[in-house]
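# Geometric and topological summary
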Amino acid sequence: MNTQNPFKPALANTFTSALALGAFSLIAVAPAHAAGVDAGTLIENTATATYEDGNGPQTVDSNTVTVLVDELLDVTVTSLDSGPVGTTPGDAVLTFELTNQGNGPEAFELTADPAVAGNDFDTTIDGIAVDTNGNGTYDPGVDQILTGPETTAVLDADDTLTVFVLVTVPAGATDTQESDVELTAEAVTGTGAPGTSFSGQGVSGGDAIVGSTGADATATGSLLVGITTVDLVKSATIADPFGGTSAVPGSVVTFTISAEVTGSGSVDDLTVTDAFPTDTTYVPGSLTLAGGALTDASGDDAGEASATGISVDLGTVAGGTTQAITFDVTIDQ
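Here the structure is a predicted model, which is why all the values come from computation and not from measurement.

## Some thoughts on a nonpolar patch on the surface
Residues Ile43, Val65 and Val67 make up a contiguous nonpolar surface patch of roughly 220 Å² in combined accessible area. With respect to the secondary-structure elements, Val65 resides in strand S4 (residues 56–68).

Dropping the structure here:
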């Protein structure tokens, strides 16, 4: 007599089909995130067996198995600055991006550490702010400054948040010195070794499980001091009407103004002006910059000669460069 259960193949095949259908339905209703299926999602499956007996075709359903997807706690922090932020003693801003890499909503506690090994100087942390208006730039009075303990709002899975660390560079910082600041984010629910479980702390009463990042992350922002100064040195040469260098009526005096910019940074809107000396008359068309002639008219180029003096707009000038300006006047007769 054949003692094999005639329903096993049908049950196995139907269970496999139902399981595949259940998986398909799950993908359709549960968005995939960096950490997979949303925390709190219910994965449900029921097997079905069909058979025939003396009364014809029959169907039997199994009990339904329900699995609640637990919450994974994961986070990343990255610096959004393309390189060291150029600064001078005073206020400075470092920009970071925080991403909830978990599969459920989570808030994160932020800590900024200015005392990083290898720093030439340490900054003072003035606050941590979030990008309230989403423009990626710190706007005083607009972007929210977090109060201690500095904790973000709850972020959904895959959500990102731009964070600003506000610092003060000390007055004693000198040109070319560098300093790092570390920003750390920790899941409010908890941190620990991957796999650490917080019972009942996840979405819908499920567990919260620490993911591969340990539910905390740290990124480093850098500052580079660029202190730039401008020195003006003025000199004069004289050509008299007799081929000599005496300062007599009719002599032409050529003034040279050297604008020397020192330091590793740059200066903006650098403008050099000079009034014509009393008892002299400007020689029209004699104004030059770096050996090139400038017009006397306003708006034609960087230079201008008025009835009272000259003005040259050098714009933005990098440290380590020198700009030379010359013009002539005649001693009145």
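What follows continues from the structure just given.
## Re the sheet that holds strand S19 (residues 266–275)
The three strands lie next to each other as S19-S24-S23, forming an open sheet whose pairing is antiparallel. On the outer flanks of this sheet lie S19 and strand S23 (303–305), each paired with one strand and no other. Sheet twist, expressed as the mean angle between neighbouring strand axes with direction ignored, is 15°. Pairing analysis gives three bridges linking S23 to strand S24 (residues 309–318), with the strands arranged antiparallel. Bridge pairing in S24 links Glu304 to Ser311.

## As for the sheet that holds strand S5 (residues 71–73)
Overall, mixed pairing links the three strands, which are arranged S5-S15-S14 in an open sheet. Each end of this open sheet is capped by a strand with a single partner; those strands are S5 and strand S14 (197–198). With three bridges connecting them, S5 and strand S15 (residues 208–210) associate as parallel partners. Looking at the pairing, Glu71 lines up with Ala208 of S15.

## Section: the packing of aromatic side chains
Taken as a whole, this structure holds four aromatic pairs when the rule is applied. Measuring from centroid to centroid gives 5.0 Å for Phe276 and Tyr282, while their planes differ by 15°, and the two rings are stacked. Taking the relative accessible area as the measure of exposure, Tyr282 reaches 12% and is therefore buried. Through a chain of ring-to-ring contacts, the aromatic side chains of Phe255, Phe276, Tyr282 and Phe327 assemble into a single cluster. The cationic tip of Lys234 hangs over the ring face of Phe255; the distance from NZ or CZ to the ring centre is 4.5 Å.

## Some points on the environment of Val181
Mapping Val181 onto the fold places it in strand S13 (residues 178–187). When the C-alpha atoms of Val181 and Asp113 are compared, they prove to be 5.7 Å apart, with 68 residues separating the residues in sequence.

## Description of the environment of Asp332
Position of Asp332 among the secondary structure elements: in the segment after strand S25 (321–331). By relative accessible area, which is 35% here, Asp332 ends up partly exposed. For the pair Asp332 and Thr280, spaced 52 residues apart in the sequence, the C-alpha separation amounts to 5.1 Å. With near-sequence residues (within four places) excluded, Asp332 lies in contact with Pro249, Asp279, Thr280 and Thr281. A distance of 3.4 Å separates the side chain of Asp332 from the backbone nitrogen of Thr280, its partner in a polar contact.

Parameters and conventions
Residues numbered from 1 in each chain as written. Predicted model: local features only at pLDDT ≥ 70, side-chain atom pairs only at ≥ 80, totals over all residues. Heavy atoms only, no water. Patch = residues over 30% accessible without salt bridge, like charges linked within 9 Å, V, L, I, M, F, W, Y side chains within 5 Å. Areas by Shrake-Rupley, 256 points an atom, 1.4 Å probe, with all protein chains shown as cover. Salt bridge = Lys/Arg side-chain N within 4 Å of Asp/Glu carboxyl O. Helix = DSSP H or I, 4+ residues; strand = E, 2+ residues; numbered from the N terminus. Pairing = 2+ DSSP bridges. Axes fitted to C-alpha atoms, helices over the stretch in contact; angles between N-to-C directions. Phe/Tyr/Trp six-rings, centres within 6.5 Å; stacked < 30°, edge-to-face > 60°. Buried < 20%, exposed > 50% of the residue type's maximum accessible area, 1.4 Å probe, protein only. Lys NZ or Arg CZ within 6 Å of the ring centre and 35° of its normal. Contact = heavy atoms within 4.5 Å. Polar contact = N/O pair within 3.5 Å; in protein donor to acceptor, adjacent residues only side chain to side chain.

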